[in-house]
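Here is how the chains run, residue by residue.
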Amino acid sequence: MKATQGECEFFSVKTEKRNAEKLRQWLASKQLLEHNFGTMPSADFIFFPIKRKLLKQEAKELKKIVPSFAINKLLFSPVTSQPQSLKEALRKKLSEKEFSKLVSSFDTLGNIAIIEIPKELEKKEKLIAKALLETNKSIKTVCKKLGAHKGKFRLEPVKIIGGEKKLLATYRESGCVFKIPVGKAFFSPRLSTERMRIAKQIKAGEVIGAFFAGVGPFPIVFAKNSPMEAAFAIELNPIAVKFLDENILLNKVENKVFPVFGDVKKIVPKKFKNFFHRIVMPLPKGAKDFLESAIISAHPKGCIIHFYAFVPAADPYTTTIDLIEKTAKKFGKKTRILHKQQVRAFSKETIQIVIDFEVSGN
Ligand SMILES: C[S@@+](CC[C@H](N)C(=O)[O-])C[C@H]1O[C@@H](n2cnc3c(N)ncnc32)[C@H](O)[C@@H]1O
């Protein structure tokens, strides 16, 4: 008999299926079972692979328990255990050098996974996607990142490398559901903790400026998880606004979240002067250019601003706090820093931070 990959020849004990359990127990008690290889069933019989031929004395003993059995040499297949992780699935399929380059972490948006494929592994991207689909049953589509977030809409270009050819994700977070057109509007599941951190601070009656709203995660999570009065969700990317509209309806918050299509810099000073009790500014690359708009739209009795920025890891806060204070002063307003923290590391030199500050006065 010709062996196929992984098969091995062993002595085996054959018996009728009805005696299988008795035989298995006896072989196990003698530590004769070859556990790494599976049994082989036929229509009426079963074959157990064993570590060695039975001794005469053992055969005599077995006859008393299982009257009819036969010893043969046969090929058995190894018991295959399903790999549990992407790394485990690829360990033997990539060379050592390739394996060392593998980035095994990935983002998921509902059924869509987004993974980084290093240049050295580009030829193996289909294999990586297949392994990811096999080890994560809820994933139906695998995309690779084609580059960093770019442009004023902060889009992350992606390409499908495995699974279903669809880029519309349904993602759940904090009791909300979001439809997201992957690659056509910004979305980061990594900010979920931030959204709930802010939601917990919101008091009844607050009117919120949700600048740079994307498909709506900040204002919709706030609407579902706080006693806020209203949030104005301002966004420039028309595709993001289309999904913002849809997500507002999907989450039944149309009486609390109001979409506004346009540029924060143009709309806010005109329509929302002295207006907001709280403003969230999740545009870490460039929000400083919109600080004046935020300060103009802050309610004179007091407004809390959550300001995100990419900053040097070596000195994360000095320049940004300086800018906040100077900008407020320019409009005759006072500021008080309430909280500052790192949100995530972006690279070795750069981190993303949030600064919560209160601005008050006319
Ligand atoms: C980093 S994303 C954040 C999106 C969303 N808040 C989230 O967390 O998923 C920044 C968003 O700001 C939008 N944006 C950029 N410049 C803008 C502007 N001047 N006015 C309004 N929106 C702007 C982009 O299109 C993008 O959707």
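Parameters at a glance
Residues numbered from 1 in each chain as written. Predicted model: local features only at pLDDT ≥ 70, side-chain atom pairs only at ≥ 80, totals over all residues. Heavy atoms only, no water. Domains from an automatic or database assignment. Buried area = accessible area lost by both parts, 1.4 Å probe. Salt bridge = Lys/Arg side-chain N within 4 Å of Asp/Glu carboxyl O. Helix = DSSP H or I, 4+ residues; strand = E, 2+ residues; numbered from the N terminus. Buried < 20%, exposed > 50% of the residue type's maximum accessible area, 1.4 Å probe, protein only. Pairing = 2+ DSSP bridges. Axes fitted to C-alpha atoms, helices over the stretch in contact; angles between N-to-C directions. Contact = heavy atoms within 4.5 Å. Phe/Tyr/Trp six-rings, centres within 6.5 Å; stacked < 30°, edge-to-face > 60°. Lys NZ or Arg CZ within 6 Å of the ring centre and 35° of its normal.

Quick word on the domain arrangement of the protein chain
Part 1: When its domains are assigned, the protein chain resolves into domain 1 (8-76), domain 2 (86-166) and domain 3 (171-360).
Part 2: Domain 2 and domain 3 are separated by 30 Å when their C-alpha centres are compared.
Part 3: Here domain 2 and domain 3 share an interface that buries about 1,200 Å² over both sides, 73% of which is from carbon and sulfur atoms.
Part 4: Considering only the surface of domain 2 that becomes buried against domain 3, L109, F153 and R154 emerge as the three largest contributors, covering 47% of it.
Part 5: Taken together, the connections running from domain 2 to domain 3 amount to one salt bridge.
Part 6: Here D107 ties to R190 by a salt bridge, and the two come within 3.1 Å at their closest N and O atoms.
Part 7: Counting residues per element, the ones that place at least two in the side of domain 2 that touches domain 3 are β5 (106-109) and β6 (112-115).
Part 8: Here the side of domain 2 that touches domain 3 gets three residues from one element, more than from any other, and that element is β5.

Topic: the pairing of strand β3 (residues 45-50)
Part 1: With five of its six residues buried, β3 lies for the most part within the structure.
Part 2: Inspection of the sheet shows strand β1 (residues 8-16) paired to β3 by six bridges, in the antiparallel sense. If you follow K14 over to β3, its bridge partner there is F47.
Part 3: Across two bridges, the pairing between strand β2 (residues 40-41) and β3 is antiparallel. Note on β3: the bridge partner recorded for P41 is I46.

A word on the sheet that holds strand β12 (residues 230-235)
Part 1: One open sheet accounts for seven strands, arranged β13-β12-β11-β14-β15-β17-β16; its pairing is mixed. A strand with exactly one partner marks an edge of an open sheet, and here the two such strands are β13 (257-261) and β16 (334-345). Ignoring strand direction, the axes of neighbouring strands in this sheet form an average angle of 20 degrees.
Part 2: This element, helix α7 (residues 217-225), spans β11 (207-210), β12, β13, β14 (278-281) and β15 (303-312) of the sheet and lies at about 165 degrees to β13.
Part 3: Against the sheet, helix α8 (residues 238-250) touches β12 and β13, its axis set at about 165 degrees to β13.

Re the packing of aromatic side chains
Part 1: Using the criterion set out here, one finds 17 aromatic pairs in the structure.
Part 2: Taken together, a centroid distance of 4.8 Å and an interplanar angle of 55 degrees make the contact between F10 and F37 tilted. On the criterion of sequence distance, the pair formed by F10 in strand β1 and F37 in the loop between α1 (20-29) and β2 is long-range, its members being 27 residues apart.
Part 3: Taking 5.0 Å as the distance between ring centres and 75 degrees as the angle between the ring planes, the aromatic pair formed by F212 and F290 counts as edge-to-face. Of this pair, F212 sits in the loop between β11 and α7 while F290 sits in the loop between β14 and α10 (291-297), placing them 78 residues apart in sequence. When sorted by exposure, F212 lands in the same class as F290, which is buried.
Part 4: A network of ring pairs unites the aromatic residues F211, F212, F232, F258, F272, F275, F276 and F290 as a single cluster.
Part 5: Its end group placed over the ring of F11, K73 keeps NZ or CZ at 5.0 Å from the ring centre.
Part 6: Cation over ring: R195 sits above F218, and NZ or CZ is 5.1 Å from the ring centre.

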